[in-house]
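Structural description and commentary
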Amino acid sequence: MALINCPSCGKDISEEAKRCPHCNRRIKKNKFILPVIIVILLLIVCVGVFYGTKQYQKIQAEKRQVQIESLLVQIDEFYAVLDFDSIQKNYDALEELHYDVSKQREILDYDRKVYPDAYAYYEAINDINDKLHNGDYNSLRELVNKMKNPTENFEALEINNDSEIGKYINNIRGNIMYSMFNSEYVNSTKYDLDYYLTSQGYAIILETYTEELVKEKFPYIESQK
C-alpha cells in the first residue's frame, strides 16, 4: 500500500486513510485531478494536430505555388520557340494543380490556327523587301505577284488582340501602307511595273511600302532565325 505525506503534519500515512492517525487531520482527496489532466492532454494533442495540419497545408500551398511558377516560366520559354505541344502539356499540368488556364488555352488554340499563314505573310513581305533593297529580281511584277497568296490568306485570318500573333495581324492590317500596297500593286495590274523607263521608280515606291511593313516584327521572331 502506497504512502503519502499528511498535508498538515507531514508524516507518512496510507493513501487510503481518511484521517491522519498522527494529527487527526481529515485527508481530502481530489477526485478531479485525473480527468483534468486527461482534458489538458487532449487539448494539447488537438492544438498540436491543428497546428501540424496548418503547417502541412502551408507547405503544400508553397510547393504548389513553386510548381505553378515553374510551369509558367517554361510556357514562356516554349512560346519563344513556338513549341505548341509542350505549351499544351504545361497547361494540362497547371489544370491538375487547379490553376485556371481557360483563357490561355483559347489563345493557344488561336495561335496554332493563325500562325502558319501569319508567319508566311511575314516571311513573304521581308523577302520582297530584301530583294527590292538588293535589286535581286528580274521582274517587279513577278516579285509583287508572289505576295498575292500570302496576302489573301493573311486577310482571311481572325484577329484576337489577347494574342501576340493576333496583335501583329491587327497592326499590319491597320497600317495604311498595307492597304495602299495591296490595292495599288498586289491586287491591281494597272501599272506596268517592268516598263524600262519607270521600273526603277516603281522599285523605289514599292520599297517604301515594304520598308514600313517590315518594321512590325513578328512575335517570337528570334526563334525563327
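Calculation rules
Residues numbered from 1 in each chain as written. Predicted model: local features only at pLDDT ≥ 70, side-chain atom pairs only at ≥ 80, totals over all residues. Heavy atoms only, no water. Helix = DSSP H or I, 4+ residues; strand = E, 2+ residues; numbered from the N terminus. Contact = heavy atoms within 4.5 Å. Areas by Shrake-Rupley, 256 points an atom, 1.4 Å probe, with all protein chains shown as cover. Axes fitted to C-alpha atoms, helices over the stretch in contact; angles between N-to-C directions. Parallel < 35°, antiparallel > 145°, perpendicular 65-115°, else oblique. Nonpolar A, V, L, I, M, F, W, Y, C, P; charged D, E, K, R; others polar. pLDDT = per-residue confidence, 0-100. Core = buried A, V, L, I, M, F, W, Y, C linked by side-chain atoms within 4.5 Å. Buried < 20%, exposed > 50% of the residue type's maximum accessible area, 1.4 Å probe, protein only. Salt bridge = Lys/Arg side-chain N within 4 Å of Asp/Glu carboxyl O. 1 Å grid on protein atoms, 1.4 Å probe; cavity = no way out; pocket = protein on both sides within 12 Å on 5 of 7 lines; lining within 4 Å. Points joined across faces, edges and corners; volume = space filled by probe spheres on them. Expected span 1.5 Å × (residues − 1). Bend = angle between axes of the 7 residues up to and from the residue. Phe/Tyr/Trp six-rings, centres within 6.5 Å; stacked < 30°, edge-to-face > 60°. Left-handed = near helix turned anticlockwise from the far one by under 90°.

A word on the overall build of the chain
- Scanning the chain from terminus to terminus reveals eight helices and two strands.
- Each helix and strand of the chain, ordered N terminal to C terminal, gives the series β-β-α-α-α-α-α-α-α-α.
- Residue pairs in contact within the chain that sit at least 24 positions apart in sequence constitute 55% of those at least 6 positions apart.
- As displayed, the chain offers around 14700 Å² of accessible surface, 53% of which is attributable to carbon and sulfur atoms.

Topic: the packing of helix H2 (residues 84-96) against helix H3 (residues 102-134)
- At a closest axis distance of 11 Å, the pairing of H2 and H3 adopts a crossing angle of 170°. By the angle class used here, H2 and H3 are roughly antiparallel. Contacts from Phe84, Asp85, Ile87, Gln88, Tyr91, Asp92 and Glu95 in H2 reach Gln104, Arg105, Leu108, Asp111, Arg112 and Tyr115 in H3.
- Grouping the constituent residues of the contact of H2 with H3 by class yields five nonpolar, two polar and six charged.

Quick word on the confidence of the model for the chain
- Predicted confidence across the chain gives a mean pLDDT of 88, with 88% of residues reaching 70 or more.
- Mean pLDDT per element in the chain: strand S2 (residues 12-14) is the minimum at 65, and helix H5 (residues 148-155) is the maximum at 97.

A closer look at the nonpolar core
- By size, the foremost hydrophobic cluster in this structure holds 47 residues, and its most contacted members are Tyr79, Tyr121, Phe154, Ile169 and Phe181.
- Contributing elements (two or more residues each) for this core: helix H1 (33-80), H2, H3, helix H4 (140-145), helix H6 (164-173), helix H7 (176-186) and helix H8 (199-213).
- Tallying contributions element by element places H3 first for this core, with 13 residues.
- Among all residues touching Tyr79, those that are not within four sequence positions of it are Phe84, Ile87, Tyr91, Ile107, Leu108, Asp111 and Tyr220.

Focus on the pattern of salt bridges
- Using the criterion set out here, one finds 10 salt bridges in the structure.
- For Arg112, the salt bridge goes to Asp85, with nearest N and O atoms at 3.3 Å. Placement of Arg112 in helix H3 and of Asp85 in helix H2 is noted, with a sequence separation of 27 residues between them.
- Owing to a relative accessible area of 33%, Arg112 belongs among the partly exposed residues under this scheme.
- Across the pair Glu106 and Lys103 runs a salt bridge whose closest N-O atoms are separated by 4.0 Å. Within this pair, Glu106 and its partner Lys103 are both found in helix H3, separated by three residues, close to a single helical turn.

Observations regarding the layout of surface pockets
- Here the largest pocket defines a volume of roughly 210 Å³.
- Around the largest pocket, the lining is made up of 15 residues, and of these Ile75, Asp76, Tyr79, Tyr91 and Gln104 lie nearest the centre.
- Within the residue set of the lining of the largest pocket, elements represented by two or more residues are H1, H2 and H3.
- For the lining of the largest pocket, the element with the most residues is H1, which contributes five residues.
- The residue makeup of the lining of the largest pocket, split by class, is nine nonpolar, two polar and four charged.

A word on H3
- With 33 residues, H3 extends 47 Å between its outermost C-alpha atoms, agreeing within 8% with the 48 Å of an ideal straight helix rising 1.5 Å per residue.
- Along its length, H3 shows its largest kink, about 50°, at Tyr115, and proline Pro116 lies within four residues downstream of that point.
- Two residues or fewer after H3 comes Gly135, characterised by a positive phi angle close to 70°.

Details of the packing of aromatic side chains
- Taken as a whole and judged by the stated rule, the model has 20 aromatic pairs.
- Measuring from ring centre to ring centre gives 5.8 Å for Tyr119 and Tyr122, while their planes differ by 25°; the resulting arrangement is stacked. One end of the pair, Tyr119, and the other, Tyr122, are both in helix H3, three residues apart, so they sit about a helical turn from each other. Residue Tyr119 shares its accessibility class with Tyr122, and that shared class is buried.
- Feature note: the residues Tyr79, Phe84, Tyr115, Tyr119, Tyr121, Tyr122, Phe154, Tyr168, Tyr178, Phe218 and Tyr220 constitute an aromatic cluster, connected by ring pairs.

Notes on the packing of H3 against H6
- Two elements in contact, H3 and H6, have axes separated by 9 Å at closest approach and are oriented at 45°. The orientation of H3 with respect to H6, classified from their angle, is oblique. As for how H3 packs across H6, the hand of that crossing is left-handed. Here H3 contributes Tyr110, Asp111, Val114, Tyr115, Ala118, Tyr121 and Tyr122 to the contact with H6, which in turn contributes Ile165, Gly166, Tyr168, Ile169 and Ile172.
- Grouping the constituent residues of the contact of H3 with H6 by class yields 10 nonpolar, one polar and one charged.

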